Amino acid sequence: MADLLAISGDGVPVTALVEGEGPTLLVVHPGGGPVTSWNGVTAHLAGRFRVVRVNRRIYVSPRSALPPTHSLRTETADVLAIAGLLDGPVILVGHSSGAVVALETALRSPAAFAGVIAYEPPMPTRSPAAGEAGRRARTALDASDPTEAMRIHLRDIAGMPAASVDAMLADAPTRNALAAYAAAQITDNEAIDALGVGIDRYRQLSLPTTLIEGDRSPAHLHERVSDLATTLPNAQVITLPGLGHTAHRDAPGVLAGVIGEVAEAVWR
């Protein structure tokens, strides 16, 4: 494993983890925690590809607050800074909020990439990603209750069943891990909502784009994926049977297999 270092547009250093050899996959990890959340998928991919994982600046370490100026524009600049260090052709891969970052990055600089693979981006296609629930989560966070902020996020924004969320938060290690990144997650949600509702801008993105979804994922994610699929001019949807939004943890080999097949097809 090696590190890449780039300087983003605002002068902030951005790093990435590099594993494996071969054609390059540039990965933008999901929210809720650090870049290591994709260790399992990366382990399966690194035998065939050079996997470069961007350390998203808001998730580099736990913190209690983040700059109010954080935006998707900041994140796309970070990804492009790392992409500028890579030899092409590069396929951009994103998961959850990281998939929103990936799509916005490709839209901003399509010539930098050969294609995009986006696993369930919570894009505000018809409705905000967080909306009113996001405001309640922010209120809880500002009241120094990161656990409640994450309860609202998981239950009312992500769409997980309330009983499952309660069980997760009843486990002290899980609760502490989630609470540590609550400020980043709520800021992440707000940055996505700041894009505004609507995706007509994606009609101009002609890169081959694969949208991955799990057949057990919440309905709002299926809706958002479907909306993107009908808007993007060169898109396909692949559904993972028996899986949901957390295939990177539940079936990393399956997710890696799909990503590898799609990437090889694009490069051919």
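All figures in this text were calculated on a predicted structure; none of them were measured in a lab.

**Q** Go over the environment of alanine 140, please, and point to the residues and values.
**A** Structurally, alanine 140 can be placed in helix H4 (residues 131-142). Expressed as a C-alpha distance, the spacing of alanine 140 and methionine 150, which sit ten residues apart in the sequence, is 9.0 Å. Ignoring anything within four residues of it in the chain, the contact list for alanine 140 reads Asp145, Glu148, Ala149 and Ile152.

**Q** Can you break down the nonpolar core residue by residue, with the values?
**A** Counting 39 residues, the largest nonpolar core has Leu26, Val52, Ile82, Leu92, Tyr202 and Leu228 as the members making the most contacts within it. Element by element, the count of residues in this core is highest for helix H3 (residues 97-108), at seven residues. By size, the runner-up hydrophobic cluster in this structure holds 22 residues, among which are Val41, Val93, Ala251 and Val258.

**Q** Describe the environment of leucine 195, and please don't skip the residues or the numbers.
**A** One can find leucine 195 in the loop between helix H8 (182-193) and strand E7 (209-214). On the basis of relative accessible area, leucine 195 is assigned to the partly exposed category, the value being 26%. As for leucine 195 and arginine 224, which are separated by 29 residues in sequence, their C-alpha atoms are 14 Å apart. Ignoring sequence-local partners within four residues, the contact set of leucine 195 consists of Leu72, Val100, Glu104, Met123, Pro124 and Arg201.

**Q** Tell me about unusual backbone geometry, and please be specific about residues and values.
**A** The omega torsion of the bond from glycine 88 to proline 89 falls at -5°, within 30 degrees of zero and hence cis. Here proline 89 shows up in the loop between helix H2 (72-83) and strand E5 (90-95). Despite not being glycine, serine 96 shows a phi value in the positive range, around 55°. Among the structural elements, serine 96 can be located in the loop between E5 and H3. On the accessibility criterion, serine 96 (13% relative accessible area) is buried. Non-glycine residue serine 144 carries a positive phi angle of around 65°.

**Q** So what's going on with the packing of aromatic side chains? Residues and values would help.
**A** By the definition in use, this model includes two aromatic pairs. Considering the side-chain rings of phenylalanine 49 and tryptophan 267, the 5.7 Å spacing of their centres and the 35° angle between planes classify their relative orientation as tilted. Here phenylalanine 49 is found in the loop between helix H1 (39-45) and strand E4 (50-54), whereas its partner tryptophan 267 is found in helix H11 (residues 252-267), with 218 residues between them in sequence. Taking relative accessible area as the criterion, phenylalanine 49 reaches 1% and is therefore assigned buried. Note on tryptophan 267: relative accessible area 24%, which makes it partly exposed. Judged by centre distance (6.3 Å) and plane angle (35°), the ring pair of tyrosine 59 and tyrosine 181 falls under tilted. Within this pair, whereas tyrosine 59 is found in the loop between E4 and H2, its partner tyrosine 181 is found in the loop between helix H7 (172-180) and H8, the two being separated by 122 residues in sequence.

The rules behind these values
Residues numbered from 1 in each chain as written. Predicted model: local features only at pLDDT ≥ 70, side-chain atom pairs only at ≥ 80, totals over all residues. Heavy atoms only, no water. Helix = DSSP H or I, 4+ residues; strand = E, 2+ residues; numbered from the N terminus. Contact = heavy atoms within 4.5 Å. Core = buried A, V, L, I, M, F, W, Y, C linked by side-chain atoms within 4.5 Å. Buried < 20%, exposed > 50% of the residue type's maximum accessible area, 1.4 Å probe, protein only. Phe/Tyr/Trp six-rings, centres within 6.5 Å; stacked < 30°, edge-to-face > 60°.

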